[in-house]
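Residue-level structure breakdown
Chain by chain, the residues:
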Amino acid sequence: MSLLQRVLVSVSAAFILFVLYANADAEVDDKCLGCLCEAATQCNTTALCQKPTRNGYFCGPFQISWAYWVDAGKPVILHDRPEKKGAFENCANDKICAAKVVRQYMKNFAKEPEKGDCNGDGKVDCIDFAYMHRLGGYSCKDPSMINTTFYQRFHSCWQVVQAALPKNLS
Ligand SMILES: *[C@@H]1O[C@H](CO)[C@@H](O)[C@H](O)[C@H]1NC(C)=O
Ligand SMILES: *[C@@H]1O[C@H](CO)[C@@H](O)[C@H](O)[C@H]1NC(C)=O
């Protein structure tokens, strides 16, 4: 699948999500969500938990950490409970639940521009969400972010969807 096809597939999944959670704030829009999972795993929905370093543990298509899940308010899949063993993995490995985690995580930081404007361009947008996703909302103002593979994948995805989507979807 090409990058654009993958993003379109995840955008349509995100659109269903948007309908399901239409009353939730939608600061992280569907295009943004698509590029965040593209950056994390190239939107690999069968990507499971990985332990790349001794202290790191990341799960699912968005490669979410346990602390990130906690900060997002511990969303769970249907019939699961936040305190149950495996609730984090079950959610992070589920495309729909993981997308909810990302939206809720960003909501905490997007409200406060002084925290959320990670790249210092005066606004909080998807580029800042990419910083927060990778670096955490509390420590997102690190300029060396632009040299990470994550950011480079995000950046090319973001350019592709911004150029392509208005024509394709309208
Ligand atoms: C997705 O991730 C799984 C598990 O890490 C891996 O085996 C598979 O090759 C990946 N698929 C793609 C398309 O990268
Ligand atoms: C990114 O990497 C280049 C080449 O290694 C380096 O010159 C530059 O300072 C880096 N930028 C940041 C913001 O770290």
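Here, the structure is the one placed above.
Notes on the structure in this doc start here. (Residues numbered from 1 in each chain as written. Chains lettered and ligands numbered in written order. Predicted model: local features only at pLDDT ≥ 70, side-chain atom pairs only at ≥ 80, totals over all residues. Heavy atoms only, no water.)

Within the structure, ligand 2 sits among P143, S144 and N147. Here an oxygen atom of ligand 2 sits 2.3 Å away from a polar atom, N or O, in the side chain of N147. Computed on the free molecule, ligand 2 has an accessible area of 360 Å², of which 31% lies beneath the protein chains in the complex. (Near = heavy atom within 4 Å. Polar contact = N/O pair within 3.5 Å; in protein donor to acceptor, adjacent residues only side chain to side chain. Areas by Shrake-Rupley, 256 points an atom, 1.4 Å probe, with all protein chains shown as cover.)

Before going further, it helps to examine the state of the cysteines. By the definition in use, this model includes six disulfides. Here C32 engages in a disulfide with C126; their sulfurs sit 2.1 Å apart. A torsion of 90° about the S-S bond marks the disulfide between C32 and C126 as right-handed. With C32 in helix 2 (residues 30-41) and C126 in helix 7 (residues 126-135), this pair connects stretches of sequence that are 94 residues apart. (Disulfide = S-S within 2.5 Å. Helix = DSSP H or I, 4+ residues; strand = E, 2+ residues; numbered from the N terminus.)

Here we come to the packing of aromatic side chains. If you walk through the whole model with that rule in mind, you get eight aromatic pairs. Their ring planes at 5° and their centres at 3.8 Å tell us that Y68 and Y105 sit as a pair that is stacked. Separated by 37 residues along the polypeptide, Y68 in helix 3 (residues 66-71) and Y105 in helix 5 (residues 95-110) bring together distant segments of the chain. Exposure remark for Y105: the relative accessible area of 3% places this residue in the buried category. Consider the rings of Y151 and F154, whose centres lie 6.1 Å apart with planes at 40°: the pair is tilted. Placement of both Y151 and F154 in helix 8 (residues 149-169) is noted, with a separation of three residues, approximately one turn of the helix. Among the residues examined, F154 registers a relative accessible area of 0% and is labelled buried. An aromatic cluster is defined as three or more aromatic residues linked by ring pairs; in this entry it consists of Y68, Y105, F109 and Y138. (Phe/Tyr/Trp six-rings, centres within 6.5 Å; stacked < 30°, edge-to-face > 60°. Buried < 20%, exposed > 50% of the residue type's maximum accessible area, 1.4 Å probe, protein only.)

Moving on: the pattern of salt bridges. Inspection of every chain in the model, using the stated rule, returns three salt bridges. Close ionic contact of D80 with K84 constitutes a salt bridge, the shortest N to O distance being 3.5 Å. By relative accessible area, D80 is classed as buried at 10%. Overall, the relative accessible area of 37% leaves K84 in the partly exposed class. (Salt bridge = Lys/Arg side-chain N within 4 Å of Asp/Glu carboxyl O.)

Further remarks concern the site of ligand 1. What surrounds ligand 1 is the set N44, T46 and A47. Between ligand 1 and N44 there is a distance of 2.3 Å, counted from an oxygen atom to a side-chain nitrogen or oxygen.

Looking now at the nonpolar core. If you look at soluble globular proteins, the nonpolar side chains tend to sit buried side by side. Of all hydrophobic cores here, the largest spans 43 residues; its most connected members are L36, F62, I64, V102, M106, F154 and W158. Where this core is concerned, the elements lending two or more residues are helix 2, helix 3, helix 4 (87-92), helix 5, helix 7 and helix 8. A per-element tally of this core places helix 5 first, with nine residues. Once residues within four sequence positions are removed from consideration, W158 is found in contact with K31, C32, C35, C126 and I127. (Core = buried A, V, L, I, M, F, W, Y, C linked by side-chain atoms within 4.5 Å. Contact = heavy atoms within 4.5 Å.)

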